[in-house]
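Residue-level structural notes
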Amino acid sequence: MSRVAAARDDLKETAPITARVRKAVLPAAGFGTRFLPATKAIPKEMMPLVDRPIIQYAVEEAVASGIEQIIIVIATGRSAIEDHFDSNPSLERWLEDRGDIEMLRTIRRISEFGTVAFVHQREQLGLGHAVLMAKDLVGEEPFAVLLSDDVMLNPGGVPVTRQLIDGGAELELGWLPPLLENARNGKIAAGAPGRIVASEGIRLVEIPTSFDRSKGDIHSLGNPHFMIDPLNVKIVARNIATHFAQIDPKSAATYSANLSKFNTRLDTKLAQWQQQLAPYKGAKIVTYHRDFPYLAQRFGLVTLDELEPKPGIAPSPAHLAQVIGKMKANNAKVILVQPFQNRKTAETVARQTGAVVIDAPQQPGAAANASTYFDSMDNLVRAIASGLGAQK
Ligand SMILES: [Zn+2]
C-alpha cells in the first residue's frame, strides 16, 4: 500500500515512541467516482484484482505486518465489504458438500483475518473525516492508515506496512519534524524544555561513515536499538527525570527519588542478568536484523551475522547461503528473532545449521507477560540463556 501513514492522534498524549502499531484504519467509504458506473452499487475497494477484491490485499498486508485490529470505514448502506469479511455458512456448506476443500479453506480464511471492525461514515466529508470516524476504536494508540486502491506487494519479503512501521520508530527525521510543525505546540519544539531527547548522551555504535539510503540501510545515524543495554536505559531515565524536574520544578524531589529507586533496581537486575549470561561469554549469535549489538557488547556475546543483508533489506537466498556457511564454520547455534520479523526464514536457516530459533522480543509490551522493561529483559535474558544452554 502506498500512502500508508503511521499517524499519531495527539503527540502530547500518545504512548512512547516504542509503542507497537497494532491497529490499521482502511477508509473505504468514497463514491469511487472515477470508476462510475462500475462503482454505483459496489464500493471500488470491492473491484477484483485477479481473484480477490483489492481491499483483501490491504487486509492481508496489514495482518502480515503484525496488525491485530483492522478498522474499515464504510459508507452507510454499502454492506458489500462487510459481507465479504463475514463468514458465509451456506456457501461454506455447499463447498463442503461438493468436496471443494481448497476453495472452502480460501473462503474461511477471509473471515479469520483477526478482528475486523466496521465503522460508518454517514456523510462524504473527505478522507480526513473518514479516518476520524475510527477515532473511538483507535483510542490513543499509534496506528496505520492503508488506502486499498493502491496495491503494493513485496512477495516473500517484509510487508510494506511493516517496513514503514519500523522506519517510523527509528528514523524519526522522516516524520517527527512535520508532525511537530502541524502540532504548533511551542512547548515541544526542538530546544524547548518540553522536548526530551531520550537518547541524549548515549554512545551509538555502528555510526556509518558513508550512508546511501538507496541501498535500504535504515540505520542512518548509528544503530538505534540501544535500549537493550541496561546502562543506556539509565541514561534515558536520567534524561527524562532531569527534563521533568525542569518543566515541573515543584515535583523535582519526587522525580529524583523515583530515578534513584529505578537505578537501584536496575543495578540489582543487571547483576542478575550478567550472572545468567556469564556461562556463555564469547558465544556467537545470529540475529534476523542488526538489533542486538548493544546486548552483545554488554553481556560478552558475539553477533556473527544477520539474516538481513543490510538493516531493513529482506533476506535473499544468496545472502542466506553465506550466513549458513558462516554459521557452520563458526559453530553458531542460535538465531534471535523478534515477533514482527520473519520467523519462517530463521527456521529454514536453523534446519540447515542445526541451530535453534529464539523468540527475542526487545520491547516492553511485545509479550503479554512483559509490560515493563524489567519483565521484558527478564524474559529476553532467560530465553537467550536457555537457547545457548541447550546447545552446550
Ligand atoms: Zn534496526
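Residues numbered from 1 in each chain as written. Predicted model: local features only at pLDDT ≥ 70, side-chain atom pairs only at ≥ 80, totals over all residues.

1. A closer look at the packing of helix α3 (residues 89-98) against helix α4 (residues 101-110)
The relative placement of two packed helices is expressed as an angle between their axes plus a distance between the axes. Remark: α3 packs on α4, axes separated minimally by 9 Å, with the N-to-C direction vectors making an angle of 160°. Classified by the interaxial angle, the pair formed by α3 and α4 is roughly antiparallel. Pair α3 / α4 crosses with left-handed handedness. Contact residues: α3 offers L91, E92, L95 and E96, while α4 offers M103, L104, I107 and R108. Along the lines of polarity and charge, the residues of the contact of α3 with α4 split into five nonpolar, no polar and three charged. (Axes fitted to C-alpha atoms, helices over the stretch in contact; angles between N-to-C directions. Helix = DSSP H or I, 4+ residues; strand = E, 2+ residues; numbered from the N terminus. Parallel < 35°, antiparallel > 145°, perpendicular 65-115°, else oblique. Left-handed = near helix turned anticlockwise from the far one by under 90°. Contact = placed C-beta atoms within 7 Å. Nonpolar A, V, L, I, M, F, W, Y, C, P; charged D, E, K, R; others polar.)

2. Focus on the packing of helix α10 (residues 252-277) against helix α14 (residues 373-390)
Where α10 contacts α14, the two axes come as close as 10 Å, and the packing angle between them is 10°. With respect to α14, the axis of α10 lies roughly parallel. Contacts from R265, K269, W273, Q276 and L277 in α10 reach F374, M377, V381, I384 and A385 in α14. Taken together, the residues of the contact of α10 with α14 break down into seven nonpolar, one polar and two charged.

3. Points about unusual backbone geometry
Residues L36 and P37 are joined by a peptide bond in cis, for which omega reads 5°. With respect to the helices and strands, P37 occurs in the loop between β2 (23-28) and β3 (48-49). Positive phi outside glycine occurs at V50, with the angle close to 55°. If you trace the backbone, V50 turns up in the loop between β3 and β4 (52-53). Even without a glycine there, the phi angle at N331 is positive, about 55°. Along the polypeptide, N331 turns up in the loop between α12 (317-330) and β10 (334-337).

4. Comments concerning the pairing of strand β8 (residues 284-287)
Relative to strand β9 (residues 302-306), β8 is paired through four bridges, and the arrangement is parallel. Bridging from a neighbouring strand, K284 pairs with V302 of β9. Tracing the backbone out of β8, into helix α11 (residues 293-299) and back to the parallel element β9 gives a crossover that is right-handed. Note: β8 against β10, three bridges, orientation parallel. Bridge pairing links I285 to V334 in β10. (Pairing = 2+ DSSP bridges. Right-handed = clockwise from strand over helix to strand, strands pointing away.)

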